[in-house]
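Now for the letters of each chain:
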Amino acid sequence: GAVVSQHPSWVICKSGTSVKIECRSLDFQATTMFWYRQFPKQSLMLMATSNEGSKATYEQGVEKDKFLINHASLTLSTLTVTSAHPEDSSFYICSARGDSTNQPQHFGDGTRLSIL
Amino acid sequence: AQTVTQSQPEMSVQEAETVTLSCTYDTSESNYYLFWYKQPPSRQMILVIRQEAYKQQNATENRFSVNFQKAAKSFSLKISDSQLGDTAMYFCAFMKQNTGNQFYFGTGTSLTVIP
């Protein structure tokens, strides 16, 4: 149980385009989803926390207009990187948690984003 | 604020041997959770083991066990009978109780199991 699916796993696109990454909880209702960014050989950096039906809470230094997060249902959250530039190239990972606040987060497999 | 420190950037161990990864944390909270996650080359984050701070007994999951020292704010991971598939990055993580919010991750330890 507790499977989180992230799509796509790898995307390459031109500078200036927008890219959408989906995060789905397949067998549980994800009240809260988290988006992380990970640079090579570094730890996960929390970008934002999203709760179903409400606006995402962004961490300091993360541009909310650049990284649009939508959590429209209990099983789906999306991260859209708008007007992507090469410096946005990174590994993006989502995680999800159910109703209980004391449960661990379940992670997706991540998305490797490469901006040319 | 909470901080999590992993002082060993890289470690290696011979297959079938035992290795211990260290993790210390700093918090003023009394109720919290600690986790070890494994990230193999596939980059998937896999939960290895979890410890509730209010439990004195160290958590164990098959070949994985922890040494939780609450007073010292230490949470080390012991891997027994190391296998080649254990090669991965290992992250220690802290979560405050009843917030359901942020995980505070350490910087990670890259473990290589040598055949």
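Scanning chain A from terminus to terminus reveals zero helices and eleven strands. For chain A, the succession of helices and strands along the chain, N to C, is β-β-β-β-β-β-β-β-β-β-β. In terms of C-alpha radius of gyration, chain A reaches 13 Å, essentially the compact-globule figure of 13 Å for 116 residues. By residue count, 50% of the 116 residues in chain A fall in the buried class. Looking at chain A alone, contacts between residues at least 24 apart form 55% of all its contacts between residues at least 6 apart. Surface accessibility of chain A: about 5,600 Å² in total, with carbon and sulfur atoms responsible for 51%. A gap of 5 Å separates the mean positions of the 10 positive and 10 negative side-chain charges of chain A.

Within the structure shown, the criterion is met by 17 aromatic pairs over all chains. With 5.7 Å between their ring centres and 80° between their planes, A:Y36 and B:F105 make a pair best called edge-to-face. With A:Y36 in strand 4 (residues 32–38) and B:F105 in strand 11 (residues 104–105), this residue pair bridges two chains. Members of the aromatic cluster, each reached through a chain of ring pairs, are A:Y36, A:F107, B:F35, B:Y37, B:F91, B:F103 and B:F105. Looking at B:R43, its charged tip hangs above the ring of A:F91, at a distance of 4.0 Å from the centre.

Once that is clear, we can look at the interface of chain A and chain B. Think of interface size as the accessible area that goes away when the parts come together; that is how it is often given. The interface is formed by 20 residues belonging to chain A together with 22 residues belonging to chain B. A combined buried area of about 1,800 Å² lies between chain A and chain B, and 50% of that area is made up of carbon and sulfur atoms. The interface formed by chain A and chain B holds zero salt bridges in total. Summed over the shared surface of chain A and chain B, the result is five residue pairs in polar contact (both at pLDDT 80 or more). Elements that contribute at least two residues to the side of chain A that touches chain B include exactly strand 4, strand 5 (44–51) and strand 9 (90–97) of chain A. Across the side of chain A that touches chain B, the residue classes tally to eight nonpolar, eight polar and four charged.

This next bit is on the side chain of B:K38. Residues and elements named next belong to chain B. Secondary-structure assignment places K38 in strand 5 (residues 32–39). We note that K38 is buried and unpaired, the nearest opposite charge coming from D86 at a distance of 4.2 Å. Side-chain polar atoms of K38 contact the backbone oxygen of G85, separated by 2.8 Å. Apart from residues no more than four positions distant in its own chain, K38 is found in contact with Q44, M45, I46, V48, G85, D86, A88, M89 and Y90.

Per the stated rule, a full pass over the model turns up two disulfides over all chains. Covalent S-S linkage joins A:C23 and A:C94, the inter-sulfur distance amounting to 2.0 Å. One quick way to see it: the torsion about the S-S bond of A:C23 and A:C94 is about 80°, and its sign makes the bridge right-handed. With a gap of 71 residues between them, A:C23 in strand 3 (residues 19–25) and A:C94 in strand 9 connect regions that are remote in the sequence. This pair shows no difference in class: A:C23 is buried, exactly as A:C94 is. The disulfide partner of B:C23 is B:C92, and the S-S distance across this bridge is 2.0 Å. Sign of the S-S torsion, about -70° for the bond between B:C23 and B:C92, identifies this disulfide as left-handed. One end of the pair, B:C23, is in the loop between strand 3 (19–21) and strand 4 (24–26); the other, B:C92, is in strand 10 (residues 88–96), and 69 residues separate them in sequence. The exposure class assigned to B:C23 is buried, which follows from its relative accessible area of 1%. By relative accessible area, which is 0% here, B:C92 ends up buried.

What counts, and where the lines are drawn
- Residues numbered from 1 in each chain as written.
- Chains lettered and ligands numbered in written order.
- Predicted model: local features only at pLDDT ≥ 70, side-chain atom pairs only at ≥ 80, totals over all residues.
- Heavy atoms only, no water.
- Helix = DSSP H or I, 4+ residues; strand = E, 2+ residues; numbered from the N terminus.
- Rg over C-alpha atoms; globule rule 2.2 N^0.38 Å.
- Buried < 20%, exposed > 50% of the residue type's maximum accessible area, 1.4 Å probe, protein only.
- Contact = heavy atoms within 4.5 Å.
- Areas by Shrake-Rupley, 256 points an atom, 1.4 Å probe, with all protein chains shown as cover.
- Lys, Arg positive; Asp, Glu negative; His and termini not counted.
- Charge placed at Lys NZ, Arg CZ, Asp CG, Glu CD.
- Phe/Tyr/Trp six-rings, centres within 6.5 Å; stacked < 30°, edge-to-face > 60°.
- Lys NZ or Arg CZ within 6 Å of the ring centre and 35° of its normal.
- Buried area = accessible area lost by both parts, 1.4 Å probe.
- Salt bridge = Lys/Arg side-chain N within 4 Å of Asp/Glu carboxyl O.
- Polar contact = N/O pair within 3.5 Å; in protein donor to acceptor, adjacent residues only side chain to side chain.
- Nonpolar A, V, L, I, M, F, W, Y, C, P; charged D, E, K, R; others polar.
- Disulfide = S-S within 2.5 Å.

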